[in-house]
Amino acid sequence: MSTIQNVSRLLRLFTAERSVLSVTEASQLLKLPKSSVSRLLKSMAQAGLLTSLEGKAGYRVGNLIFETSRRHRSNSTLSVMADEALAQLAKTTGHTGYVAILDGPEILGLRMRHGTRALRVVTSPGDRLPAFASASGRALLARLDDEAVRALHKAPLEPPSPHAPQTIADLLVALATVRERGWAQVTDECLPGVESLAISVHDRENGETVAICISYSAAMISANEKSRIVTLLMRAGCELAMKFDDDHWMVPRFASYAAPSWVEAA
């Protein structure tokens, strides 16, 4: 395995719950010799990718990563505007929401907006989930043709629950439904008791595609409230699609969602 691959694997070890890594911990997680991991950590710290903690045997993410992240946010107009739409959705519905992108067979969270409801479903920005078993992931995978979806899932699926697609054939059936109705729904798959609804928008000029997702307790939502969230998501998607020339949304079956600004549906 190349050094770049090991750097990538190591950076992925940092999570909201694991903000500091020791040589021993990294070695165990990567299943690599401590001597090799120690050299890698020191080299990454010298390059600014990591920062060593004074007086402690550990490393955290370095300033270079945050600088790069800030540049990405400032240059990514679609994700910025999707976050603005998400903020309005979270405020209007009271539920927590996310903006995410597809990264191989996983989704990567970019933004999170807390809802006001007592029960808040939280996965932090930077967290990853299997795309096939998440609403954001299926909204994004539905943008690909079946051949491309198969290419991303060469190994058999590893369903996180019995409610998730068990095979690639199950996944392709689920994606066909997303393509037809324009939004994805996942219930009790990656997160027990949680239901999520998501749409995706594509910027034809720079190729960026993001998903906007709203999550809530599956047991504490009425059919009318769910229908309202779908309408709000679809109207937000249509409005963004008009700004970014996303012709995926310019089909007759979605025309009703392009009526007055989606905010008016609140």
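Residues numbered from 1 in each chain as written. Predicted model: local features only at pLDDT ≥ 70, side-chain atom pairs only at ≥ 80, totals over all residues. Heavy atoms only, no water.

Overview of the pattern of salt bridges
Stated formally: Basic side-chain nitrogens of Lys or Arg form a salt bridge, by our definition, when they fall within 4 Å of a carboxyl oxygen of Asp or Glu. Numbering goes from the N terminus for both helices and strands, where a helix is a DSSP run of H or I of at least four residues and a strand is a run of E of at least two.
Inspection of the entire model under this criterion finds 15 salt bridges. For D83, the salt bridge identified is with R111, shortest N-O distance 4.0 Å. A residue pair is termed long-range when its members are at least 10 positions apart, and D83 in helix α5 (residues 77–93) and R111 in strand β4 (residues 106–113) qualify at 28 residues. A salt bridge links D247 to R204; the nearest nitrogen and oxygen atoms lie 3.5 Å apart. Of this pair, D247 sits in the segment after α9 (223–244) while R204 sits in the loop between β7 (194–202) and β8 (209–217), placing them 43 residues apart in sequence. Overlapping salt bridges, with partners in common, bring together R12, D103, E106 and R128 in one network.

Topic: the environment of S27
Under the convention used in this document: Any pair of residues with heavy atoms lying within 4.5 Å of one another is described as a contacting pair. Between N or O atoms, a polar contact is any pair within 3.5 Å; within protein, one atom must be a potential hydrogen donor and the other a potential acceptor, and residues adjacent in sequence are included only when both atoms are from side chains.
Take S27: it is sitting in helix α2 (residues 23–30). A C-alpha to C-alpha distance of 5.9 Å links S27 and V37, two positions 10 residues apart in sequence. Among all residues touching S27, those that are not within four sequence positions of it are L32, P33, K34 and V37. For S27, the side chain forms a polar contact with the main-chain oxygen of L32, separated by 2.5 Å.

A word on empty space enclosed by the protein
Under the convention used in this document: Buriedness of a pocket was judged along seven lines, with at least five required to meet protein on both sides within 12 Å; pockets are open sets of points on a 1 Å grid over the protein atoms alone, cavities are sets where a 1.4 Å probe fits but cannot get out, and lining residues have an atom within 4 Å of a point. Grid points are joined across faces, edges and corners, and a volume is the space filled by probe spheres set on the points. Polarity classes work like this: nonpolar for Ala, Val, Leu, Ile, Met, Phe, Trp, Tyr, Cys and Pro, charged for Asp, Glu, Lys and Arg, and polar for all others, with Gly in that last group.
The full count for this structure, using the stated rule, is 2 cavities of 30 Å³ or more. What the largest cavity holds in volume is close to 270 Å³. Contributing to the lining of the largest cavity are 26 residues, with I107, T123, L129, S134 and S215 lying nearest its centre. Of all elements in the fold, only β3 (96–103), β4, α6 (135–141), β7 and β8 reach the threshold of two or more residues within the lining of the largest cavity. Of all the elements, β4 adds the most residues to the lining of the largest cavity, at 6 residues. Along the lines of polarity and charge, the residues of the lining of the largest cavity split into 17 nonpolar, 7 polar and 2 charged. Every residue along the wall of the second largest cavity is listed here: A139, A142, R143, V178, R179, G182, W183, S200, H248 and W249. Classifying every residue of the lining of the second largest cavity by side-chain character gives 5 nonpolar, 3 polar and 2 charged.

These results come straight from atomic positions and should not be treated as a statement about function.
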